[in-house]
There are 2 protein chains.
Amino acid sequence: MSRTDAPRARSSAPTSRGTATARRIESSAVALVIQHGYDATTVDMICADAGISQRTFFNHFATKDAAVIGTDVPRLDESRVRAFIAASGPNLLADAAELIALPGLDGAMDPQLMRQRMRAITSSAELMQRQLERFASIEAELAEVIEYRLARLSTPDESAAEVREQSRLTAHLLAGILRYSADALMSGDSASVPAIVAQTRDRLTALLPKLAGR
Amino acid sequence: MSRTDAPRARSSAPTSRGTATARRIESSAVALVIQHGYDATTVDMICADAGISQRTFFNHFATKDAAVIGTDVPRLDESRVRAFIAASGPNLLADAAELIALPGLDGAMDPQLMRQRMRAITSSAELMQRQLERFASIEAELAEVIEYRLARLSTPDESAAEVREQSRLTAHLLAGILRYSADALMSGDSASVPAIVAQTRDRLTALLPKLAGR
DNA sequence: AGCCAAGCTGCAGTCACTGCATAATGAATT
DNA sequence: AATTCATTATGCAGTGACTGCAGCTTGGCT
């Protein structure tokens with residue numbers, strides 16, 4: 001139990017995006033992982049199921065987990081970003097938490113596959129881990145967005161650079177919140193994603209004043 | 001460039017702790033990684049350098065990165081924990097950040113090796129990543145400690161369970177702060193660890209009131 | 001018909017890691 | 001001193017992820 005192997009850091013990005021072949025591989029991968037678990041699912045099994053060669057698999061996906069998690073870079077939702085920037089309520093952090101709600105992390109795609117994928121990912125701590133890691137790719141973007149709101153709240157003695165750093169720090173705090181939600185999602189026996197997001201938001205609202213020292 | 005392979009999730013923990021052999025392996029590993037980088041350093045190279053067989057390597061360390069990072073479980077510093085619990089200032093988060101200052105994460109050990117190890121780890125994003133992951137092992141413990149302070153600040157309508165969840169959330173926020181510091185440490189051209197910790201603390205103190213919405 | 005780029009494939013190789021079975025060492029027992 | 005036993009090291013063969021390379025196929029284009 002527990003074949004291992006396979007780090008990150010792929011060199012050249014594999015080819016296509018929306019190929020039919022790639023979709024077949026993805027759906028085979030997701031299905032098999034749900035059925036057997038991530039570790040027990042070998043690349044060869046996925047290939048057999050999708051009816052392609054191993055070499056082809058790696059022509060489409062750089063790593064085994066990429067086939068399950070998907071390759072589209074997570075992006076912040078445009079409209080939510082606008083709303084966030086425009087808003088000016090006291091709940092900056094809670095507002096921002098909405099920006100990175102788990103569902104928002106998946107690009108628009110086949111909802112059926114997305115649902116399955118969600119199941120596959122949450123079934124394996126390892127995959128969840130990798131999924132969370134991918135979040136790092138939004139952090140820079142997120143920090144930039146946060147900067148808009150934070151700039152308005154800055155005191156005169158704070159330089160622009162300082163505000164930027166505070167924004168980055170905030171983005172990291174949000175990553176922590178995301179991880180907390182992910183934890184809750186995996187350990188909590190049931191609970192839907194929206195429910196957890198809402199719960200976390202409330203919790204955060206109650207918690208922050210305590211942390212900030214009234 | 002970039003051999004990969006090697007996931008987490010080892011099954012049975014390898015043997016000894018402070019064997020002479022294990023130390024030799026560690027020091028070879030650290031030295032070679034500093035010299036060639038993590039990816040370019042193969043297990044065989046480390047074995048050759050340490051004068052042992054590959055099988056022996058894996059008898060002592062479950063994974064390649066374990067030999068570089070070390071195997072001792074990070075622990076919270078007893079005295080700092082006491083101080084934290086006893087305190088009751090307004091800066092709960094900033095206070096807690098001291099608990100997880102990077103240097104505190106390494107068990108007491110040969111300072112020479114520790115310094116080298118630090119260099120090796122910060123030289124590779126992959127290793128840094130793994131190092132940060134190990135922090136997760138303290139999170140539960142950390143959350144427990146935080147609970148002491150947080151309980152005093154709870155409102156009457158909050159259940160003990162709610163306080164516990166808030167503590168866990170706080171622990172995750174701290175993990176985010178740790179990651180921010182680690183980022184700063186790796187990107188910042190120089191800057192010592194204590195300097196970064198202090199800076200982060202100040203930044204946090206300035207930031208929190210803004211997030212909590214005064 | 002002739003050509004070209006894209007996608008698929010096999011093949012051989014590297015590297016991390018595992019199970020198993022076998023030595024070598026030394027300390028504890030008889 | 002001979003025996004037993006646990007610990008530690010080692011070889012060996014195998015699995016599984018992943019890579020580079022070279023060759024084949026296919027469909028569209030001229």
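Residues numbered from 1 in each chain as written. Chains lettered and ligands numbered in written order. Predicted model: local features only at pLDDT ≥ 70, side-chain atom pairs only at ≥ 80, totals over all residues. Heavy atoms only, no water.

Trainee: What is the right way to look at the pattern of salt bridges in this model?
Mentor: Between side chains of opposite charge, pairing is possible as soon as their charged atoms come close. Applying the stated criterion to the full structure yields 26 salt bridges over all chains. Note that Arg201 of chain A is salt-bridged to Glu98 of chain A, the shortest N-O span being 3.5 Å. Pair noted here: Arg201 of chain A is in helix 10 (residues 193-212) and Glu98 of chain A is in helix 6 (residues 92-99), with a separation of 103 residues, a long-range link. For Arg201 of chain A, a relative accessible area of 24% gives the class partly exposed. With a relative accessible area of 31%, Glu98 of chain A lands in the partly exposed category. Asp65 of chain B serves as the salt-bridge partner of Arg130 of chain B, at 3.3 Å between the closest nitrogen and oxygen. Of the two residues, Arg130 of chain B sits in helix 8 (residues 125-153) while Asp65 of chain B sits in helix 4 (residues 64-69), which places them 65 residues apart along the sequence. On the basis of relative accessibility, which here comes to 6%, the residue Arg130 of chain B falls in the buried class. Connected through shared salt-bridge partners, Asp95, Glu98, Arg149 and Arg201 of chain A make up one network. (Salt bridge = Lys/Arg side-chain N within 4 Å of Asp/Glu carboxyl O. Helix = DSSP H or I, 4+ residues; strand = E, 2+ residues; numbered from the N terminus. Buried < 20%, exposed > 50% of the residue type's maximum accessible area, 1.4 Å probe, protein only.)

Trainee: Explanation requested: the packing of aromatic side chains in the structure shown.
Mentor: The geometry of an aromatic ring pair is captured by two quantities: the separation of the ring centres and the angle between the planes. Evaluated as defined, the whole model comprises 4 aromatic pairs over all chains. Aromatic side chains Phe57 of chain A and Phe61 of chain A sit 6.0 Å apart centroid to centroid with 45 degrees between the ring planes, which places their arrangement in the tilted category. Judged on exposure class, the residue Phe57 of chain A and its partner Phe61 of chain A are both buried. Feature note: the residues Phe57, Phe58 and Phe61 of chain A constitute an aromatic cluster, connected by ring pairs. Across the ring face of Phe84 of chain A, the terminal group of Arg149 of chain A is positioned such that the distance to the ring centre comes to 4.7 Å. The ring centre of Tyr38 of chain B lies 4.3 Å from the NZ or CZ of Lys64 of chain B, which sits over that ring. (Phe/Tyr/Trp six-rings, centres within 6.5 Å; stacked < 30°, edge-to-face > 60°. Lys NZ or Arg CZ within 6 Å of the ring centre and 35° of its normal.)

Trainee: What should I look at first to understand the environment of Gln199 of chain A in this one?
Mentor: Tracing the sequence through the fold places Gln199 of chain A in helix 10. Once the C-alpha coordinates of Gln199 of chain A and Ser181 of chain A are considered, the two residues, 18 residues apart in sequence, prove to be 9.1 Å apart.

Trainee: Which parts of the structure should I look at to understand the nonpolar core?
Mentor: Inside soluble globular proteins, nonpolar side chains tend to come together where they are buried. Core analysis: the largest hydrophobic core is formed by 119 residues, its most contacted members being Phe57, Leu142 and Leu174 of chain A together with Phe57, Leu142 and Leu174 of chain B. Among the elements that line this core, the one with the most residues is helix 9 (residues 160-187) of chain B, at 12 residues. Each residue touching Phe57 of chain B, except ones within four places of it in the same chain, is listed here: Ile25, Val43, Ile46, Cys47, Ile52, Thr63, Lys64 and Ala67 of chain B. (Core = buried A, V, L, I, M, F, W, Y, C linked by side-chain atoms within 4.5 Å. Contact = heavy atoms within 4.5 Å.)

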